[in-house]
Every structure is written in C-alpha cells, then in structure tokens.
Amino acid sequence: MRIFKPEYKMSKTIFGGQTLIEKYSQYLPVSENTPIISLGEGNTPLVQAINMPKLLGFPLLQLFFKLEGLNPTGSFKDRGMTLAVTKAVESKAKAIICASTGNTSASAAAFAAKAGLPCYVVLPAGQVAMGKVAQALIYGAQLIEIEGNFDDALDLVQQIAAESDITLVNSTNPYRLEGQKTAAIEIVEQLGRAPDFLCIPVGNAGNICAYWRGFKLCKSMNTATHTPSMFGFEAQGSAAIAGGIPIKNPQTIATAIRIGNPVNWKEAEIVVEESKGKIDFVSDAEILDAYELIAKSEGIFCEPSSAASIAGLIKDLKNGYIPEQATVTCILTGNGLKDPNMPMEIGNEKIPTVQARVDQLKEVMGL
Ligand code: AN7
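Predicted, not measured: the structure shown is a model, and the values here were computed from it. (Residues numbered from 1 in each chain as written. Predicted model: local features only at pLDDT ≥ 70, side-chain atom pairs only at ≥ 80, totals over all residues. Heavy atoms only, no water.)

(A) Examining the overall build of the chain more closely. Broken down by element type, the chain carries 15 helices and ten strands. A globule of 367 residues ought to have a C-alpha radius of gyration of about 21 Å, and the chain, at 21 Å, matches this closely. Dimensions of the chain, computed from C-alpha atoms along their principal axes, come out at roughly 65 × 55 × 45 Å. Considering only residue pairs separated by 6 or more positions, the chain has 73% of its internal contacts joining residues 24 or more positions apart. Summed over its atoms, the accessible surface of the chain is roughly 16,500 Å², and 55% of this surface lies on carbon and sulfur atoms. Here the chain contributes 32 positive and 37 negative side-chain charges, whose respective centroids are spaced 5 Å apart. (Helix = DSSP H or I, 4+ residues; strand = E, 2+ residues; numbered from the N terminus. Rg over C-alpha atoms; globule rule 2.2 N^0.38 Å. Contact = heavy atoms within 4.5 Å. Areas by Shrake-Rupley, 256 points an atom, 1.4 Å probe, with all protein chains shown as cover. Lys, Arg positive; Asp, Glu negative; His and termini not counted. Charge placed at Lys NZ, Arg CZ, Asp CG, Glu CD.)

Set out below in structure tokens:
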C-alpha cells in the first residue's frame, strides 16, 4: 500500500553525478520534459580479475567483471526500470505490473515506490530467492504468488496488462532494453575499447540483446572499432534457446534464469548471428563452482545465475571457443546477497562453536 499520493516533481534528486537517463539522454527516447524517476542507477564498476586467469591456467587472459549487482536494488534490472517507470509516469500510467524470477520485481517495486505508483508483482511460488521477495515486500508492492513457473506468470500479467491501463514492465516493454543498453556503452568508456567477447547469463534473453544494441551504437559512433562476440549462457535444465525448443518445466538452482520460453528469443538469435556469438548452456554444478571461485579468488559475491557467465567462460576457454589472449567481459548481473542461503546450502564445512575463551578459540584456529 502506498502511504502518500503520487506527486511528480522534476527537481533533481540524485547528487554527485548524473542519472543514467540524463547521462545517456541522446541515445534514449526522452525529452527535456520527461520526469526522470531515478534511484542512482548505472555507472557500475568494471573490475579486472587478477587471480582467476592464473588459477584457471590461462594467465594471459584479460578478464573483466561488470558489477551490475552494485545497482541500487542489486541487479542490472535498474537500468531498464528507470526508463520503463519514467515513461510509465510520463504517459500517466495508473500502475505497473510484472512477472518475475525476482530481480525484475525488486527493481519495479523500488522505482514504483519513488514514483508513487502502485506495483503488482506475480511470482512463481517457492522459486524466488529470499532477498528478492524481501525487497519487493518492503518497497510496498502487492505480491501475488502463483502455483506455476515464471512462464505461466508472464502469460498472466500480459493478459492483465492488455485488458487494463496497467503498464507491463517485463522486457516486452520496449523501454527496458533501451535502458539496459547503457551498460555496453559504459563498458566501452571504462575499458577504452570493446571487449573481444562478452559472456552473459541468459534467461529471457533481454539483456544480451540490450548489450548488443549498445555495442553496435558504440561502433556507429566510432567510440569502438569493433563489436564483441556475444556468448550467452542458459542453465542446462532451462536451456530453451541452446536446445532450440521451449521447456515446459524448466529446472535449475539458478532461479533467476529458470525460464523455459524466453520472450526475446528471436532477437537473441539475430544477436548471435550478427556478432558471431552463441547461446550455450552450463550445468548447475559448473555454475556453483564458478560462483565459489569468483568469491574466493576475486572477492566478488554474485548470485548463482550471474555466475553462469563465468561458468560459460571457463567452459569455452577449455574447449577453445575463447582464445587465451582475448579480452573478455563477464556480466555479473546480480548481487550475491540476494540469495543469502546459497553459501550455507553448498558449503559442507561446519562452522565451529566454542566457549567465549581464548584458549578454545586458539585451539580451533590452530595456534
Ligand atoms: C541475476 O527478474 O527474468 O536474459 O524476472 O535476475 O535479460 O532475462 C531475471 C533475469 C540474469 C537473465 N541474471 O536476464 C526476472 C528475470 C540475473 C537475473 C538474468 C536475470 P535476461
């Protein structure tokens, strides 16, 4: 429930930098009068891996991580959501709605809160990481869980949006991918060039399309001399695009990408063709290994779905699709804190408990 009436002000609310929409306004469908709804999204760090290339046995690899989990709600969704909600407000929408595996709902709920718009969130019951549900709740969205999966939820919200004046903010909303393409422009700014390969997790395949739009834009503006090969990775039990057929009952521990019929499938196939890329899959075991490796070797806690990009990179270094000398960027789409139970679930070390005495502490420390 909203605790106030919406009141749209155009005054600046983000200090010490520009909003994503202001910074990239020339590439986005906005005007001087567009009432920007911002939480301070974008401008995320690009961090070079220093230990992983050696540990993996590919010391010459130039590997960079784009930390999209450092956006205001902890995922890349904020880049598209700032524009989708801004445009919803501009067109005087009454409310917004989405189906979600979690991150879209957290982002939609937060931007709706700032805009003073009601927000409806439809989730697959029992299949969303705890942190994401917590976010949507505290931001004041109306949450509804369905006995079904993400694909069922998306079908339902599309019907509701078609029959009402509620704006759908899933990636079928054209503004979502337009906002998300800014991440590619940022990478080129930060790296001073486009990477040779971009590794990215694939769920609905919206983000891979958005990045491709951004890289093509950089090439056309001559800020990059080339575009990267786009390598997308689905989870094995949900690998509809890689397998060439929708999956009725998708499975994976990477719940964010547990999607059986990706909505941006067609555009993603064009991206693969144009960029000389591919959409492949990685197993849950490969995802969890990568999830642990990046945390333990680089100090980066991403969510399991995000680690699909690293698992894919490792797979393709080993089978030769990605040469060792390449410059590669992995997109880490979401923050590890979204799914705080996962480290405990996969860790088999028992945390010792001792009395509050220095001798006992020393003993377990091996001192
Ligand atoms: C962490 O929140 O679909 O291929 O409803 O949360 O653009 O779908 C999330 C997707 C990757 C896949 N990484 O991106 C949702 C949702 C994380 C994600 C993806 C998602 P797309």
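(B) Just the site of the ligand, in detail. Around the ligand sit 22 residues, and of these Asn 103, Thr 104, Asn 204, Ala 205 and Thr 333 come closest. The separation between an oxygen atom of the ligand and a polar main-chain atom of Thr 101 is 2.8 Å. In this structure, an oxygen atom belonging to the ligand sits 2.8 Å away from a main-chain N or O atom of Gly 203. If the ligand stood free it would expose 480 Å²; the protein chains cover 99% of that surface. Among the elements of the structure, α4 (103-115) and α9 (206-220) are those that each provide at least two residues to the shell around the ligand. Lining the shell around the ligand are residues from two domains, each supplying at least three of them: domain 1 (46-74 + 176-345) and domain 2 (76-172). (Near = heavy atom within 4 Å. Polar contact = N/O pair within 3.5 Å; in protein donor to acceptor, adjacent residues only side chain to side chain. Domains from an automatic or database assignment.)

(C) Up close: the domain arrangement of the chain. Segmentation of the chain into domains returns domain 1 (46-74 + 176-345) and domain 2 (76-172). For domain 1 and domain 2, the distance between their C-alpha centroids amounts to 23 Å. Listed by partner, the interface residues are 32 residues for domain 1 and 29 residues for domain 2. Interface of domain 1 and domain 2: buried area, both sides summed, is about 2,600 Å²; carbon and sulfur atoms make up 49% of it. On the domain 1 side of the interface with domain 2, the three residues burying the most area are Thr 73, Arg 176 and Lys 338, jointly 32% of the side's total. Applying the counting criterion to the domain 1 and domain 2 interface returns three salt bridges. (Buried area = accessible area lost by both parts, 1.4 Å probe. Salt bridge = Lys/Arg side-chain N within 4 Å of Asp/Glu carboxyl O.)

(D) Summary view of the packing of α4 against helix α5 (residues 130-138). One way to put it is that α4 packs onto α5 with a least axis distance of 8 Å and a crossing angle of 20°. With respect to α5, the axis of α4 lies roughly parallel. α4 and α5 meet at a crossing whose hand is left-handed. Along its contact with α4, which presents Asn 103, Ser 105, Ala 106 and Ala 109, the element α5 presents Lys 132, Gln 135 and Ala 136. Per-class residue counts for the contact of α4 with α5 are three nonpolar, three polar and one charged. (Axes fitted to C-alpha atoms, helices over the stretch in contact; angles between N-to-C directions. Parallel < 35°, antiparallel > 145°, perpendicular 65-115°, else oblique. Left-handed = near helix turned anticlockwise from the far one by under 90°. Nonpolar A, V, L, I, M, F, W, Y, C, P; charged D, E, K, R; others polar.)

(E) How the structure looks around the pattern of salt bridges. Taken as a whole and assessed by the stated rule, the structure comprises 16 salt bridges. Between Glu 267 and Arg 213 there is a salt bridge, and its shortest N-O distance comes to 3.1 Å. Here Glu 267 is found in helix α11 (residues 265-275), whereas its partner Arg 213 is found in helix α9, with 54 residues between them in sequence. On the basis of relative accessible area, Glu 267 is assigned to the partly exposed category, the value being 27%. Here Lys 278 and Asp 280 are joined by a salt bridge, their closest N and O atoms 3.0 Å apart. Residue Asp 280 is classed as buried on the basis of its relative accessible area, which comes to 14%. Bridged by salt links that share partners, the residues Lys 66, Glu 68, Arg 79 and Glu 186 form one connected network. (Buried < 20%, exposed > 50% of the residue type's maximum accessible area, 1.4 Å probe, protein only.)

(F) Structural detail: the pairing of strand β3 (residues 95-99). Taken across its five residues, β3 has five buried, putting it largely inside the fold. The side-chain alternation of β3 yields two buried faces, one formed by Ala 95, Ile 97 and Ala 99 and the other by Ile 96 and Cys 98. Sheet topology places β3 next to strand β6 (residues 166-168); three bridges connect them, and they run parallel. Residue pairing for β6: Ile 97 is matched across the bridge by Leu 168. Here β3 runs beside strand β4 (residues 119-124); their pairing, made up of four bridges, is parallel. (Pairing = 2+ DSSP bridges.)

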